[in-house]
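Breakdown of the fold
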Amino acid sequence: YDSNNIFARILRGEIPSHKVFEDEHTLAFMDVMPQADGHTLVIPKAPAENILDLPPGALAATILTTQRVARAVKQAFDAPGILIAQLNGSAAGQSVFHIHFHVVPRHEGLDLRFHARDMADHKVLAEHAARVRAALD
Ligand code: DGP
């Protein structure tokens, strides 16, 4: 585990993020290269590269937060479908080596944008994060 990976730095507050939820064990924030509007990431605070390394308690907390965030994203983006994805290892497409769950709103006929390619506008991400937070309350 490289403690200088980008999500570890977000957890330490060294890099800004558009947060939507935080508790003792988990953090959720907007993906800066969203594959659809509302694309949110959920991570454990525990240091682990992937699902194979994460202790059971931290994994349980992370999947519970993922479900909670998915409900809010669904409501905030009026999404009939929600994609939850989790990549392990570069061969699987993982590019940040701190385990994370992707929560992506899906609409009929609307293709996903490319994975980890185009940065979104920060004002737009701030507005989207606010929408998800409002749906969580
Ligand atoms: P993966 O390929 O599954 O490891 O996904 C990493 C995701 O993280 C990808 O969708 C883009 C996103 N991402 C990369 N750098 C940053 C960052 O600095 N901040 C945020 N919020 N997301 C990032």
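Our subject is the structure listed above.
Figured I'd write up the structure that's included with this text. Please read all numbers here as calculations on a predicted model, not as lab measurements.

**Digging into the site of the ligand**
Around the ligand sit 18 residues, and of these Asp31, Ser95, His100, His102 and His115 come closest. Interatomic distance of 2.9 Å between a backbone N/O atom of Met30 and a nitrogen atom of the ligand. Here His115 contributes a side-chain N or O atom positioned 2.6 Å from an oxygen atom of the ligand. Contact with the protein chains hides 92% of the accessible area of the ligand, taken as 510 Å² for the molecule alone. Put simply, the parts of the chain that give the shell around the ligand at least two residues each are helix 1 (6–11) and strand 2 (26–30). Sort the elements by how many residues they give to the shell around the ligand and helix 1 lands first, with three residues. Taken together, the residues of the shell around the ligand break down into eleven nonpolar, six polar and one charged.

**Topic: helix 3 (residues 122–136)**
Relative to the 21 Å expected for 15 residues at 1.5 Å per residue, helix 3 spans 21 Å between its end C-alpha atoms, a close match to the ideal helical length. Tucked inside the fold, the buried residues of helix 3 contact strand 1 (19–22), strand 2 and helix 2 (56–76). Among the residues of helix 3, the N-terminal cap falls to Asp121, whose side-chain oxygen and the backbone nitrogen of Lys123 are separated by 2.7 Å.

Quick notes on the rules
- Residues numbered from 1 in each chain as written.
- Predicted model: local features only at pLDDT ≥ 70, side-chain atom pairs only at ≥ 80, totals over all residues.
- Heavy atoms only, no water.
- Near = heavy atom within 4 Å.
- Polar contact = N/O pair within 3.5 Å; in protein donor to acceptor, adjacent residues only side chain to side chain.
- Areas by Shrake-Rupley, 256 points an atom, 1.4 Å probe, with all protein chains shown as cover.
- Helix = DSSP H or I, 4+ residues; strand = E, 2+ residues; numbered from the N terminus.
- Nonpolar A, V, L, I, M, F, W, Y, C, P; charged D, E, K, R; others polar.
- Expected span 1.5 Å × (residues − 1).
- Contact = heavy atoms within 4.5 Å.

Everything listed here is a matter of geometry and, on its own, says nothing about what the molecule does.
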